Amino acid sequence: MEKRTQAFDLDALRSFVIGIESGSFALAASRLCRSTSAVSAQLKKLEMQCGVALVVKNGRHLALTRHGEIMLGYARRMLALNDEAQRALQGELLQGEVRIGMQEDFGESLMPGVLGQFKRHHPGLRISARVDRNHALLTELAEKTLDMALMWQPDTHLQDGRLLGRCQLEWIYHQELNIADLLAQGEPLPLVMFESPCLMRARATACLDRAGIPWRVMFVSRSLSGIWAAVQAGLGITVRTRIGMPDNLRIAGGQLPSPGNLGIVLGQTPADGEGSAARILLARLMEEALSEIR
């Protein structure tokens, strides 16, 4: 007689994964739109199905047990396969075209995986994509030459934009640049920046001015790859997020005033019924991928 195996509950698996990613039941409950007690109950249910403890409390946060570390990898794979099957079934009749743009920081880290996966499941859809800076993406949204764009939250109001999260801005430099000596000697801080207008350039110079720290723009680039190359060469310091930061660069930490954080928004233009369904699926994929790289 074949031994019957117990199927894991997908809702319990999702509560487990999001609970670990969030670091607490309260944050997981907020993301899942459920109560904290409901998420806790789901986790206990999964532990009963596994027959072992998966997490332990570590102060206010959750920590994985040895069995929890093993289960987390399997849980993510099972949820990914389940979600992939749902997307494939829901989108199998989607047709038409989606024109999408992404800010440079997200291009390399998100564009290939998200669009490749989307196209495999929805072969009837035509996808045109481009990577550009915020100002260009905002212009194309306004002119309706893009359907949707993933970008940094602009200072101006977006008519149809959804905030997906926030990223901490950091002072990033190469160890060859001795920031402590420059500050001690009162020398202007050399900056590596995009051409204006640039949200991060404005944040960097404003917080230095408030702190009374002299600065000068040493290197101006039109591309993010140029920014990283100049910083790696020790030409100056820049303000970016950690997304896509080269491994040989460092965070300045408390040596300089914090430039704060920046929102990530998904801007869209109005869509018809068929186009709206495609955008909803694509937006969900981007939000999931974004939560991983953040």
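Everything numeric here is computed off the predicted structure, so don't read it as measured data.

Caption draft 1: Broad picture of the side chain of T269. Within the secondary structure, T269 sits in the loop between β12 (261-268) and α10 (273-293). Relative accessible area serves as the criterion here: at 8%, T269 is assigned to the buried category. In this structure the side chain of T269 is engaged in a polar contact, spanning 3.5 Å, whose partner is the backbone oxygen of L146. Each residue touching T269, except ones within four places of it in the same chain, is listed here: L141, K144, L146, D147 and R279.

Caption draft 2: View of the sheet that holds strand β3 (residues 96-103). Ordered by their spatial adjacency, five strands build an open sheet running β4-β3-β5-β12-β6, and the pairing between neighbours is mixed. Of all the strands in the sheet, just β4 (125-132) and β6 (161-168) have a single pairing partner and so form its edges. Across the sheet, the mean angle separating the axes of adjacent strands is 15 degrees when strand polarity is ignored. The strands touched by helix α6 (residues 134-142) within the sheet are β3, β4, β5 (148-152) and β12, with β5 carrying the most contacts at an inclination of about 150 degrees.

Caption draft 3: Geometry of the pattern of salt bridges. Taken as a whole and judged by the stated rule, the model has seven salt bridges. Across the salt bridge formed by R242 and E170, the nearest N and O atoms sit 3.3 Å from each other. Pair noted here: R242 is in the loop between β10 (238-240) and β11 (250-251) and E170 is in strand β7 (residues 170-173), with a separation of 72 residues, a long-range link. Judged by relative accessible area, E170 falls into the buried class, the value being 14%. Taking the shortest distance from any N to any O, the salt bridge between R222 and E195 comes out at 3.4 Å. One end of the pair, R222, is in the loop between β9 (215-221) and α9 (224-232); the other, E195, is in the loop between β8 (189-194) and α8 (199-211), and 27 residues separate them in sequence. Since its relative accessible area comes to 30%, E195 is described here as partly exposed. Residues participating in the shared-partner salt-bridge network are R130, D132 and E140.

Cut-off values and rules
Residues numbered from 1 in each chain as written. Predicted model: local features only at pLDDT ≥ 70, side-chain atom pairs only at ≥ 80, totals over all residues. Heavy atoms only, no water. Helix = DSSP H or I, 4+ residues; strand = E, 2+ residues; numbered from the N terminus. Buried < 20%, exposed > 50% of the residue type's maximum accessible area, 1.4 Å probe, protein only. Polar contact = N/O pair within 3.5 Å; in protein donor to acceptor, adjacent residues only side chain to side chain. Contact = heavy atoms within 4.5 Å. Pairing = 2+ DSSP bridges. Axes fitted to C-alpha atoms, helices over the stretch in contact; angles between N-to-C directions. Salt bridge = Lys/Arg side-chain N within 4 Å of Asp/Glu carboxyl O.

From the geometry alone we can't say anything about function, so treat these as descriptive.
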